[in-house]
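Chain by chain, the residues run as shown.
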Amino acid sequence: MTSLGSSPGTSPQARPQTSSQVTRQPSSPGDRPLGVAAIGYAFMGKAHSNAWRNVASYFDVPAFEQKVLVGRDAEAVAAAAASYGWAESATDWREVIRRDDIDIVDICAPGWMHAEIAIAALEAGKHVLVEKPLANTLAEAEAMTEAARAARARGVQSMIGFNYRRVPALALAKEFIAEGRIGTVRHVRAAYLQDWLVDPESPMTWRLNKETAGSGALGDIASHAIDQVLFLLGDSVADVSGRLHTFVTSRPGPSGPEEVTVDDAAWATLTLASGAIASVEVSRMATGQKNSLQLEIYGDQGSLLFDLEAFNELGFLDATVPVREQGFRRILVNEPEHPYMDAWWPQGHIIGWEHTFTHEIRDFLTAIVDGTEPSPSFDDGLAVQRILAAVEESANAKSSIIPLASATTSTSIEGA
Ligand SMILES: NC(=O)c1ccc[n+]([C@@H]2O[C@H](COP(=O)([O-])OP(=O)(O)OC[C@H]3O[C@@H](n4cnc5c(N)ncnc54)[C@H](O)[C@@H]3O)[C@@H](O)[C@H]2O)c1
(Lines give C-alpha, C1' and ligand atoms only; values in the text may rest on other atoms or scores of the structure.)
Protein backbone atom coordinates (compact mmCIF):
# COMPACT_ATOMS: atom_id res chain seq x y z
CA MET A 1 0.00 0.00 0.00
CA THR A 2 1.40 3.36 -0.94
CA SER A 3 0.38 6.45 0.91
CA LEU A 4 1.16 9.53 -1.09
CA GLY A 5 0.83 12.37 1.32
CA SER A 6 -1.37 15.23 0.43
CA SER A 7 -4.31 16.33 2.42
CA PRO A 8 -6.26 19.30 3.60
CA GLY A 9 -4.38 19.33 6.89
CA THR A 10 -1.48 21.52 5.90
CA SER A 11 -1.96 24.85 7.61
CA PRO A 12 0.56 26.10 10.18
CA GLN A 13 -1.66 24.93 13.04
CA ALA A 14 -1.72 21.40 11.72
CA ARG A 15 2.01 21.46 11.22
CA PRO A 16 3.24 21.93 14.75
CA GLN A 17 6.37 19.91 14.58
CA THR A 18 9.17 21.39 12.57
CA SER A 19 11.24 24.52 12.37
CA SER A 20 10.57 26.81 9.45
CA GLN A 21 14.31 26.97 8.72
CA VAL A 22 14.66 23.51 7.23
CA THR A 23 15.99 22.06 4.04
CA ARG A 24 13.96 19.19 2.68
CA GLN A 25 16.12 16.14 2.12
CA PRO A 26 15.41 13.16 -0.09
CA SER A 27 13.11 10.96 1.96
CA SER A 28 14.79 7.75 0.90
CA PRO A 29 17.49 6.47 -1.45
CA GLY A 30 16.47 7.37 -4.99
CA ASP A 31 13.59 9.38 -3.56
CA ARG A 32 11.26 6.40 -3.69
CA PRO A 33 8.56 6.16 -0.98
CA LEU A 34 9.95 5.45 2.47
CA GLY A 35 9.66 1.76 3.32
CA VAL A 36 8.27 1.11 6.81
CA ALA A 37 8.56 -2.00 9.00
CA ALA A 38 6.76 -2.36 12.34
CA ILE A 39 7.85 -4.92 14.93
CA GLY A 40 5.06 -6.17 17.17
CA TYR A 41 1.41 -6.47 16.18
CA ALA A 42 -0.49 -6.61 19.47
CA PHE A 43 -1.59 -3.54 21.46
CA MET A 44 0.86 -0.91 20.25
CA GLY A 45 1.41 -2.69 16.94
CA LYS A 46 -2.28 -2.28 16.23
CA ALA A 47 -2.42 1.35 17.43
CA HIS A 48 0.63 2.32 15.34
CA SER A 49 -0.65 0.41 12.29
CA ASN A 50 -3.90 2.35 12.52
CA ALA A 51 -1.88 5.58 12.48
CA TRP A 52 0.33 4.50 9.56
CA ARG A 53 -2.84 3.54 7.70
CA ASN A 54 -4.63 6.87 8.13
CA VAL A 55 -1.94 9.55 8.54
CA ALA A 56 -1.72 10.46 4.85
CA SER A 57 -5.49 10.90 4.66
CA TYR A 58 -5.32 13.82 7.10
CA PHE A 59 -1.80 15.27 6.99
CA ASP A 60 0.65 16.29 4.31
CA VAL A 61 3.36 13.69 4.81
CA PRO A 62 6.09 12.28 2.57
CA ALA A 63 5.23 9.22 0.52
CA PHE A 64 5.72 5.94 2.36
CA GLU A 65 4.75 2.31 2.10
CA GLN A 66 3.60 0.02 4.90
CA LYS A 67 5.99 -2.73 3.81
CA VAL A 68 6.20 -5.36 6.52
CA LEU A 69 4.79 -6.25 9.92
CA VAL A 70 6.96 -8.47 12.14
CA GLY A 71 5.88 -10.91 14.87
CA ARG A 72 6.79 -14.34 16.14
CA ASP A 73 3.80 -16.41 15.08
CA ALA A 74 3.83 -16.58 11.25
CA GLU A 75 0.13 -17.27 10.85
CA ALA A 76 -1.03 -14.67 13.38
CA VAL A 77 1.27 -11.94 12.10
CA ALA A 78 0.20 -12.64 8.51
CA ALA A 79 -3.44 -12.22 9.51
CA ALA A 80 -2.64 -9.01 11.40
CA ALA A 81 -0.62 -7.65 8.44
CA ALA A 82 -3.55 -8.26 6.11
CA SER A 83 -6.06 -6.52 8.32
CA TYR A 84 -3.79 -3.63 9.41
CA GLY A 85 -2.75 -2.66 5.87
CA TRP A 86 0.79 -4.07 5.63
CA ALA A 87 1.96 -5.49 2.30
CA GLU A 88 3.65 -8.49 3.91
CA SER A 89 4.61 -10.10 7.22
CA ALA A 90 7.80 -11.67 8.63
CA THR A 91 9.01 -13.45 11.75
CA ASP A 92 12.70 -12.44 11.84
CA TRP A 93 13.23 -8.77 12.66
CA ARG A 94 16.97 -9.08 11.96
CA GLU A 95 16.32 -10.03 8.34
CA VAL A 96 13.84 -7.21 8.00
CA ILE A 97 16.20 -4.47 9.20
CA ARG A 98 18.82 -5.67 6.70
CA ARG A 99 16.46 -5.07 3.76
CA ASP A 100 17.37 -2.23 1.40
CA ASP A 101 13.72 -1.32 0.87
CA ILE A 102 13.17 -0.63 4.59
CA ASP A 103 13.95 2.95 5.72
CA ILE A 104 11.94 3.20 8.97
CA VAL A 105 11.67 0.70 11.83
CA ASP A 106 8.78 1.21 14.24
CA ILE A 107 9.42 -0.80 17.42
CA CYS A 108 6.18 -1.90 19.13
CA ALA A 109 7.74 -4.84 20.96
CA PRO A 110 8.21 -5.18 24.75
CA GLY A 111 10.88 -3.10 26.52
CA TRP A 112 13.38 -5.94 26.83
CA MET A 113 13.77 -5.92 23.03
CA HIS A 114 14.03 -2.15 22.50
CA ALA A 115 17.79 -1.73 22.88
CA GLU A 116 18.82 -4.65 20.70
CA ILE A 117 16.45 -3.80 17.85
CA ALA A 118 16.91 -0.02 17.99
CA ILE A 119 20.70 -0.13 18.04
CA ALA A 120 20.84 -2.70 15.22
CA ALA A 121 18.36 -0.70 13.13
CA LEU A 122 20.16 2.62 13.67
CA GLU A 123 23.48 1.01 12.76
CA ALA A 124 21.84 -0.35 9.61
CA GLY A 125 20.89 3.24 8.71
CA LYS A 126 17.16 2.96 9.47
CA HIS A 127 15.17 5.76 11.12
CA VAL A 128 13.75 4.40 14.37
CA LEU A 129 10.55 5.10 16.29
CA VAL A 130 10.46 3.17 19.57
CA GLU A 131 7.66 2.83 22.09
CA LYS A 132 8.16 4.02 25.67
CA PRO A 133 9.86 3.52 28.02
CA LEU A 134 13.10 3.87 26.06
CA ALA A 135 14.47 0.66 27.60
CA ASN A 136 14.27 -1.60 30.62
CA THR A 137 17.51 -0.40 32.20
CA LEU A 138 19.51 2.81 32.37
CA ALA A 139 22.51 1.10 30.76
CA GLU A 140 20.40 0.04 27.76
CA ALA A 141 18.89 3.52 27.49
CA GLU A 142 22.37 5.08 27.51
CA ALA A 143 23.59 2.71 24.79
CA MET A 144 20.50 3.48 22.67
CA THR A 145 21.00 7.23 23.10
CA GLU A 146 24.64 6.95 22.10
CA ALA A 147 23.64 4.98 19.00
CA ALA A 148 20.98 7.58 18.20
CA ARG A 149 23.45 10.47 18.48
CA ALA A 150 25.93 8.69 16.20
CA ALA A 151 23.15 7.88 13.72
CA ARG A 152 21.89 11.47 13.76
CA ALA A 153 25.34 12.62 12.64
CA ARG A 154 24.77 10.40 9.57
CA GLY A 155 21.28 11.84 8.95
CA VAL A 156 19.45 8.91 10.55
CA GLN A 157 16.63 10.01 12.88
CA SER A 158 15.08 8.52 16.01
CA MET A 159 12.15 9.28 18.27
CA ILE A 160 10.50 7.81 21.38
CA GLY A 161 6.74 7.35 21.37
CA PHE A 162 5.55 9.49 24.27
CA ASN A 163 2.25 9.88 22.44
CA TYR A 164 0.56 12.04 25.09
CA ARG A 165 2.72 14.95 23.88
CA ARG A 166 0.42 14.80 20.86
CA VAL A 167 -2.84 15.28 22.75
CA PRO A 168 -4.02 18.66 21.39
CA ALA A 169 -5.19 19.81 24.86
CA LEU A 170 -1.77 19.04 26.37
CA ALA A 171 0.06 20.66 23.46
CA LEU A 172 -2.14 23.72 24.11
CA ALA A 173 -1.34 23.56 27.84
CA LYS A 174 2.34 23.67 26.95
CA GLU A 175 1.74 26.76 24.81
CA PHE A 176 -0.09 28.47 27.67
CA ILE A 177 2.71 27.71 30.13
CA ALA A 178 5.39 28.90 27.68
CA GLU A 179 3.39 32.11 27.05
CA GLY A 180 3.32 32.80 30.80
CA ARG A 181 -0.48 32.50 30.99
CA ILE A 182 -0.28 30.83 34.41
CA GLY A 183 2.83 32.73 35.55
CA THR A 184 5.57 30.88 37.38
CA VAL A 185 4.68 27.24 37.91
CA ARG A 186 4.89 26.33 41.57
CA HIS A 187 3.70 22.76 41.61
CA VAL A 188 2.29 19.97 39.47
CA ARG A 189 0.17 16.95 40.30
CA ALA A 190 0.51 14.11 37.82
CA ALA A 191 -1.44 10.89 38.33
CA TYR A 192 -1.79 7.91 36.01
CA LEU A 193 -4.19 5.35 37.42
CA GLN A 194 -5.41 2.02 36.04
CA ASP A 195 -7.05 -1.02 37.63
CA TRP A 196 -6.29 -4.01 35.38
CA LEU A 197 -4.31 -5.78 38.14
CA VAL A 198 -6.89 -5.46 40.92
CA ASP A 199 -7.83 -9.16 40.67
CA PRO A 200 -5.09 -11.26 42.36
CA GLU A 201 -5.98 -14.12 39.98
CA SER A 202 -5.14 -12.01 36.95
CA PRO A 203 -2.34 -14.06 35.32
CA MET A 204 1.36 -13.35 34.98
CA THR A 205 2.46 -11.52 31.83
CA TRP A 206 5.78 -10.13 30.60
CA ARG A 207 4.69 -6.84 32.18
CA LEU A 208 4.97 -8.31 35.73
CA ASN A 209 8.48 -9.70 35.41
CA LYS A 210 11.49 -7.42 35.95
CA GLU A 211 13.51 -9.35 33.36
CA THR A 212 11.06 -8.56 30.59
CA ALA A 213 9.43 -5.31 31.77
CA GLY A 214 12.25 -3.59 33.69
CA SER A 215 9.73 -2.26 36.20
CA GLY A 216 5.97 -2.21 36.72
CA ALA A 217 3.68 0.79 36.88
CA LEU A 218 6.85 2.88 37.19
CA GLY A 219 8.25 2.29 33.68
CA ASP A 220 4.90 1.60 32.10
CA ILE A 221 2.87 4.64 33.14
CA ALA A 222 5.01 6.87 35.40
CA SER A 223 7.23 7.25 32.32
CA HIS A 224 4.32 9.00 30.56
CA ALA A 225 3.48 11.16 33.60
CA ILE A 226 7.11 12.20 34.13
CA ASP A 227 7.56 12.96 30.43
CA GLN A 228 4.52 15.22 30.64
CA VAL A 229 6.01 17.14 33.57
CA LEU A 230 9.24 17.69 31.59
CA PHE A 231 7.39 18.50 28.37
CA LEU A 232 4.83 20.89 29.84
CA LEU A 233 7.26 22.82 32.01
CA GLY A 234 10.25 22.67 29.64
CA ASP A 235 12.28 21.90 32.72
CA SER A 236 14.65 19.24 34.06
CA VAL A 237 14.65 17.37 37.36
CA ALA A 238 17.14 18.22 40.09
CA ASP A 239 16.25 15.55 42.64
CA VAL A 240 13.84 12.70 43.25
CA SER A 241 12.35 10.77 46.11
CA GLY A 242 10.19 7.74 45.53
CA ARG A 243 8.33 4.77 46.83
CA LEU A 244 7.30 1.53 45.12
CA HIS A 245 4.87 -1.11 46.27
CA THR A 246 3.73 -4.53 45.08
CA PHE A 247 0.33 -5.46 46.52
CA VAL A 248 0.03 -8.91 44.91
CA THR A 249 3.39 -10.68 44.98
CA SER A 250 2.46 -13.94 43.25
CA ARG A 251 0.18 -14.62 40.28
CA PRO A 252 -0.91 -17.68 38.31
CA GLY A 253 1.51 -18.68 35.55
CA PRO A 254 1.09 -21.45 32.95
CA SER A 255 2.61 -24.03 35.33
CA GLY A 256 1.74 -22.70 38.76
CA PRO A 257 2.20 -19.54 40.85
CA GLU A 258 4.93 -17.14 39.74
CA GLU A 259 6.55 -14.34 41.67
CA VAL A 260 5.69 -10.78 40.63
CA THR A 261 9.02 -8.95 40.50
CA VAL A 262 7.85 -5.44 39.67
CA ASP A 263 5.86 -2.70 41.42
CA ASP A 264 2.07 -2.43 41.20
CA ALA A 265 2.14 1.26 42.18
CA ALA A 266 4.72 4.02 42.47
CA TRP A 267 4.92 7.45 44.04
CA ALA A 268 7.53 10.12 43.40
CA THR A 269 8.25 13.70 44.32
CA LEU A 270 10.37 15.58 41.81
CA THR A 271 12.14 18.88 42.40
CA LEU A 272 12.49 20.70 39.08
CA ALA A 273 15.52 22.83 38.25
CA SER A 274 13.21 25.89 38.33
CA GLY A 275 12.30 25.09 41.94
CA ALA A 276 8.82 23.80 41.07
CA ILE A 277 7.75 20.55 42.72
CA ALA A 278 5.89 17.74 40.97
CA SER A 279 4.14 14.83 42.61
CA VAL A 280 3.70 11.73 40.49
CA GLU A 281 1.36 8.92 41.54
CA VAL A 282 0.76 5.85 39.39
CA SER A 283 -1.02 2.58 39.95
CA ARG A 284 -2.34 -0.44 38.09
CA MET A 285 -4.42 -1.25 41.18
CA ALA A 286 -6.60 1.85 41.49
CA THR A 287 -9.97 0.13 41.54
CA GLY A 288 -12.39 1.73 39.10
CA GLN A 289 -9.80 3.84 37.31
CA LYS A 290 -9.41 2.48 33.79
CA ASN A 291 -6.82 4.68 32.15
CA SER A 292 -6.92 7.92 34.06
CA LEU A 293 -4.09 10.33 33.27
CA GLN A 294 -4.63 13.53 35.20
CA LEU A 295 -2.42 16.60 35.19
CA GLU A 296 -2.82 19.71 37.31
CA ILE A 297 -0.39 22.60 36.90
CA TYR A 298 -0.50 25.43 39.41
CA GLY A 299 1.21 28.74 38.67
CA ASP A 300 1.24 32.04 40.54
CA GLN A 301 -1.12 33.58 37.94
CA GLY A 302 -3.31 30.67 36.97
CA SER A 303 -3.80 26.93 36.72
CA LEU A 304 -4.39 24.23 34.12
CA LEU A 305 -6.26 20.93 34.48
CA PHE A 306 -6.33 17.93 32.14
CA ASP A 307 -7.98 14.54 32.41
CA LEU A 308 -7.53 11.95 29.67
CA GLU A 309 -11.16 10.90 30.15
CA ALA A 310 -12.09 14.38 28.89
CA PHE A 311 -9.54 14.18 26.10
CA ASN A 312 -10.75 17.21 24.14
CA GLU A 313 -10.87 19.59 27.09
CA LEU A 314 -8.40 21.80 28.94
CA GLY A 315 -9.33 23.49 32.22
CA PHE A 316 -7.86 26.99 32.58
CA LEU A 317 -8.10 29.38 35.49
CA ASP A 318 -6.83 32.91 34.92
CA ALA A 319 -5.90 34.31 38.33
CA THR A 320 -5.15 37.74 36.88
CA VAL A 321 -8.84 38.62 36.49
CA PRO A 322 -10.72 40.01 39.53
CA VAL A 323 -11.39 37.30 42.11
CA ARG A 324 -15.15 37.77 41.77
CA GLU A 325 -14.87 36.60 38.12
CA GLN A 326 -12.43 33.76 38.65
CA GLY A 327 -13.22 30.14 38.01
CA PHE A 328 -12.02 27.29 35.85
CA ARG A 329 -13.12 27.57 32.28
CA ARG A 330 -13.44 24.56 30.04
CA ILE A 331 -11.73 25.07 26.71
CA LEU A 332 -12.97 22.65 24.08
CA VAL A 333 -9.73 22.03 22.17
CA ASN A 334 -11.44 21.47 18.85
CA GLU A 335 -10.82 24.70 16.96
CA PRO A 336 -8.64 24.88 13.84
CA GLU A 337 -6.37 27.24 15.85
CA HIS A 338 -5.54 24.42 18.25
CA PRO A 339 -2.52 22.15 17.74
CA TYR A 340 -3.15 19.46 15.09
CA MET A 341 -6.87 20.21 14.93
CA ASP A 342 -7.23 21.80 11.52
CA ALA A 343 -6.44 18.43 9.98
CA TRP A 344 -9.56 16.84 11.50
CA TRP A 345 -13.26 17.62 11.68
CA PRO A 346 -15.32 20.81 11.98
CA GLN A 347 -15.35 22.47 15.43
CA GLY A 348 -16.77 20.37 18.23
CA HIS A 349 -16.45 17.09 16.33
CA ILE A 350 -14.19 15.54 18.88
CA ILE A 351 -11.17 13.27 18.45
CA GLY A 352 -9.70 10.57 20.71
CA TRP A 353 -6.76 8.58 22.04
CA GLU A 354 -5.84 6.90 18.75
CA HIS A 355 -5.29 10.27 17.08
CA THR A 356 -2.19 10.83 19.24
CA PHE A 357 -0.42 8.06 17.29
CA THR A 358 -1.42 9.60 13.96
CA HIS A 359 0.04 12.92 15.15
CA GLU A 360 3.18 11.12 16.34
CA ILE A 361 3.76 9.37 13.00
CA ARG A 362 3.03 12.54 11.11
CA ASP A 363 5.60 14.48 13.16
CA PHE A 364 8.16 11.69 12.76
CA LEU A 365 7.73 11.53 8.96
CA THR A 366 7.90 15.31 8.70
CA ALA A 367 11.13 15.42 10.71
CA ILE A 368 12.67 12.70 8.55
CA VAL A 369 11.89 14.45 5.31
CA ASP A 370 12.89 17.87 6.67
CA GLY A 371 16.10 16.55 8.21
CA THR A 372 15.23 17.98 11.62
CA GLU A 373 15.61 16.19 14.94
CA PRO A 374 12.33 14.54 15.96
CA SER A 375 11.00 15.29 19.41
CA PRO A 376 10.91 13.60 21.86
CA SER A 377 14.36 12.26 21.09
CA PHE A 378 16.17 9.33 22.66
CA ASP A 379 17.90 11.96 24.83
CA ASP A 380 14.45 12.87 26.16
CA GLY A 381 13.72 9.18 26.73
CA LEU A 382 17.03 8.88 28.59
CA ALA A 383 16.13 11.87 30.80
CA VAL A 384 12.94 10.06 31.83
CA GLN A 385 14.85 6.80 32.32
CA ARG A 386 17.30 8.52 34.70
CA ILE A 387 14.35 9.73 36.77
CA LEU A 388 12.79 6.24 36.80
CA ALA A 389 16.12 4.79 37.97
CA ALA A 390 16.35 7.46 40.68
CA VAL A 391 12.83 6.62 41.90
CA GLU A 392 13.91 2.97 42.25
CA GLU A 393 17.13 3.97 43.99
CA SER A 394 15.21 6.19 46.39
CA ALA A 395 12.58 3.51 47.06
CA ASN A 396 15.37 1.07 47.95
CA ALA A 397 16.81 3.63 50.38
CA LYS A 398 13.64 4.40 52.35
CA SER A 399 12.63 7.26 50.05
CA SER A 400 15.90 9.17 50.41
CA ILE A 401 16.31 12.15 48.15
CA ILE A 402 18.41 11.23 45.11
CA PRO A 403 20.09 14.15 43.31
CA LEU A 404 20.26 14.05 39.51
CA ALA A 405 23.01 15.59 37.43
CA SER A 406 21.54 18.55 35.61
CA ALA A 407 20.24 17.43 32.27
CA THR A 408 18.24 19.25 29.70
CA THR A 409 15.38 17.78 27.78
CA SER A 410 14.34 18.90 24.33
CA THR A 411 10.78 19.85 24.93
CA SER A 412 10.08 21.40 21.61
CA ILE A 413 6.92 20.42 19.89
CA GLU A 414 6.71 23.29 17.56
CA GLY A 415 3.39 24.97 17.48
CA ALA A 416 2.61 23.31 20.78
N1 LIG B 1 2.26 4.70 24.25
C2 LIG B 1 1.38 3.98 24.94
O3 LIG B 1 0.34 4.48 25.33
C4 LIG B 1 1.67 2.53 25.24
C5 LIG B 1 0.65 1.69 25.68
C6 LIG B 1 0.95 0.35 25.89
C7 LIG B 1 2.22 -0.14 25.67
N8 LIG B 1 3.21 0.71 25.27
C9 LIG B 1 4.58 0.21 25.05
O10 LIG B 1 4.61 -0.48 23.78
C11 LIG B 1 5.53 -1.58 23.86
C12 LIG B 1 4.78 -2.86 23.52
O13 LIG B 1 3.71 -3.02 24.43
P14 LIG B 1 2.34 -3.70 23.99
O15 LIG B 1 1.35 -3.32 25.01
O16 LIG B 1 2.05 -3.46 22.57
O17 LIG B 1 2.74 -5.23 24.19
P18 LIG B 1 1.99 -6.53 23.67
O19 LIG B 1 2.37 -7.64 24.58
O20 LIG B 1 0.55 -6.22 23.44
O21 LIG B 1 2.67 -6.74 22.24
C22 LIG B 1 4.04 -7.05 22.11
C23 LIG B 1 4.29 -7.47 20.68
O24 LIG B 1 5.69 -7.72 20.52
C25 LIG B 1 5.82 -8.89 19.73
N26 LIG B 1 7.11 -9.56 19.95
C27 LIG B 1 7.58 -10.07 21.11
N28 LIG B 1 8.77 -10.66 20.87
C29 LIG B 1 9.03 -10.52 19.54
C30 LIG B 1 10.08 -10.94 18.66
N31 LIG B 1 11.13 -11.63 19.12
N32 LIG B 1 10.00 -10.62 17.35
C33 LIG B 1 8.96 -9.92 16.87
N34 LIG B 1 7.93 -9.50 17.65
C35 LIG B 1 7.97 -9.81 18.95
C36 LIG B 1 4.66 -9.76 20.16
O37 LIG B 1 4.40 -10.74 19.19
C38 LIG B 1 3.54 -8.72 20.27
O39 LIG B 1 2.95 -8.53 18.99
C40 LIG B 1 6.11 -1.55 25.27
O41 LIG B 1 7.31 -0.82 25.23
C42 LIG B 1 5.06 -0.79 26.07
O43 LIG B 1 5.59 -0.12 27.20
C44 LIG B 1 2.94 2.02 25.03
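Owing to the predicted nature of the structure, the values given are computational and were not obtained by experimental measurement.

## Concerning the site of the ligand
Now for step 1: With respect to spatial proximity, 21 residues lie near the ligand, and among them G40, A42, F43, M44 and E131 are the closest.
Now for step 2: Going through the elements one at a time, α1 (43-58) and α4 (111-123) are the ones with two or more residues in the shell around the ligand.
Now for step 3: Looking at which element gives the most residues to the shell around the ligand, the answer is α1, with three residues.
Now for step 4: Within the shell around the ligand, the residues separate by chemical class into eleven nonpolar, six polar and four charged.

## Considering the packing of helix α5 (residues 138-153) against helix α10 (residues 378-396)
Now for step 1: Contact geometry of α5 with α10 gives a least axis separation of 9 Å together with a crossing angle of 165 degrees. Overall, the two elements α5 and α10 adopt an arrangement that is roughly antiparallel. α5 and α10 meet at a crossing whose hand is left-handed. Across from L138, A141, E142, M144, T145 and A148 in α5, the residues of α10 making contact are F378, D379, G381, L382, Q385, R386 and A389.
Now for step 2: Residue composition of the contact of α5 with α10, by class: seven nonpolar, three polar and three charged.

## Examining helix α8 (residues 217-233)
One full turn of an α-helix is made of 3.6 residues, so residues set three or four places apart face in the same direction.
Now for step 1: Look at α8: 23 Å from first C-alpha to last across 17 residues, which is about the 24 Å you get at 1.5 Å a residue.
Now for step 2: Along α8, the largest kink reaches about 40 degrees and is centred on S223.
Now for step 3: Here α8 lies mainly inside the structure; 17 of its 17 residues are buried.
Now for step 4: One or two positions beyond α8, positive phi appears at G234, with a value near 60 degrees.

## Examining the environment of F364
Now for step 1: By the element assignment, F364 lies in helix α9 (residues 355-370).
Now for step 2: Along the backbone, F364 and E142 are 222 residues apart, and their C-alpha atoms lie at a distance of 22 Å.
Now for step 3: Those residues in contact with F364, other than ones at most four positions away along the chain, are L129, M159 and P374.

## A word on the packing of α8 against α10
Now for step 1: Two numbers describe how α8 lies on α10: the axes approach to 9 Å, and their chain directions differ by 120 degrees. In terms of axis orientation, α8 runs oblique to α10. Note that α8 runs across α10; the crossing there is right-handed. Contacts from L218, G219, A222, S223, I226, D227 and L230 in α8 reach A383, V384, I387, L388, V391 and E392 in α10.

## Focus on helix α6 (residues 168-178)
Now for step 1: Where burial is concerned, most of α6 is hidden: eight out of the eleven residues are buried.
Now for step 2: The set of residues buried in α6 consists of P168, A169, L170, A171, L172, A173, K174 and I177.
Now for step 3: Where α6 is buried, its residues meet β8 (185-193), α8, β14 (292-299), β15 (302-307) and β16 (313-318).
Now for step 4: At the C-terminal side of α6, G180 shows a positive phi close to 80 degrees.

## Quick notes on the environment of R189
Now for step 1: Structurally, R189 is set in strand β8.
Now for step 2: On the basis of neighbour count, R189 is assigned to the partly exposed category, with 17 C-beta atoms found within 10 Å.
Now for step 3: Along the chain, R189 and E281 lie 92 residues apart, while their C-alpha atoms are 8.2 Å from each other.
Now for step 4: Those residues in contact with R189 that lie beyond four places of it in its chain are S279 and E296.

## Some points on the sheet that holds strand β17 (residues 329-332)
Now for step 1: One open sheet accounts for nine strands, arranged β17-β16-β15-β14-β8-β13-β12-β9-β18; its pairing is mixed. Strands with a single pairing partner mark the edges of an open sheet, and in this sheet they are β17 and β18 (402-403).
Now for step 2: Pairing between β8 and β14: eight bridges, direction antiparallel. Across the sheet, the residue bridging to A191 is Q294, located in β14.

## So, the pairing of β16
Now for step 1: Note: β15 against β16, four bridges, orientation antiparallel. Looking across to β16, one finds that G302 is bridged to D318.
Now for step 2: Between β15 and β16, which follow one another and run antiparallel, lie five residues.
Now for step 3: With four bridges joining them, β16 and β17 adopt antiparallel strand pairing. Directly across from E313, in β17, lies its bridge partner L332.

## With respect to the pairing of strand β2 (residues 34-39)
Now for step 1: Burial runs high along β2: six of the six residues are buried.
Now for step 2: Residues L34, V36 and A38 of β2 are buried on one face, and the alternating residues G35, A37 and I39, pointing to the opposite face, are buried as well.
Now for step 3: Bridge analysis of β2 against strand β5 (residues 104-107) gives four bridges, and the strand direction is parallel. Within β5, the residue paired with A37 across the bridge is V105.

## So, the confidence of the model for the protein
Now for step 1: Of the residues in the protein, 90% have a pLDDT of 70 or more, and the chain-wide mean is 92.
Now for step 2: Every residue in residues 407-416 scores below 50 in pLDDT, and together they form 37 contacts with partners more than four places removed in sequence or on other chains.

## What to know about the domain arrangement of the protein
Now for step 1: Structurally, the protein comprises domain 1 (2-163) and domain 2 (166-347 + 377-403).
Now for step 2: On a C-alpha basis, the centres of domain 1 and domain 2 stand 25 Å from each other.
Now for step 3: Mapped onto the side of domain 1 that touches domain 2, the elements with two or more residues apiece are α4, α5 and β7 (158-161).
Now for step 4: Broken down by element, the residue count for the side of domain 1 that touches domain 2 peaks at six residues, all from α5.
Now for step 5: Classifying every residue of the side of domain 1 that touches domain 2 gives 16 nonpolar, ten polar and two charged.

What counts and what doesn't
- Residues numbered from 1 in each chain as written.
- Predicted model: local features only at pLDDT ≥ 70, side-chain atom pairs only at ≥ 80, totals over all residues.
- Near = placed C-beta within 6 Å.
- Helix = DSSP H or I, 4+ residues; strand = E, 2+ residues; numbered from the N terminus.
- Nonpolar A, V, L, I, M, F, W, Y, C, P; charged D, E, K, R; others polar.
- Axes fitted to C-alpha atoms, helices over the stretch in contact; angles between N-to-C directions.
- Parallel < 35°, antiparallel > 145°, perpendicular 65-115°, else oblique.
- Left-handed = near helix turned anticlockwise from the far one by under 90°.
- Contact = placed C-beta atoms within 7 Å.
- Expected span 1.5 Å × (residues − 1).
- Bend = angle between axes of the 7 residues up to and from the residue.
- Buried ≥ 20, exposed ≤ 12 C-beta atoms within 10 Å, placed from the backbone.
- Pairing = 2+ DSSP bridges.
- pLDDT = per-residue confidence, 0-100.
- Domains from an automatic or database assignment.

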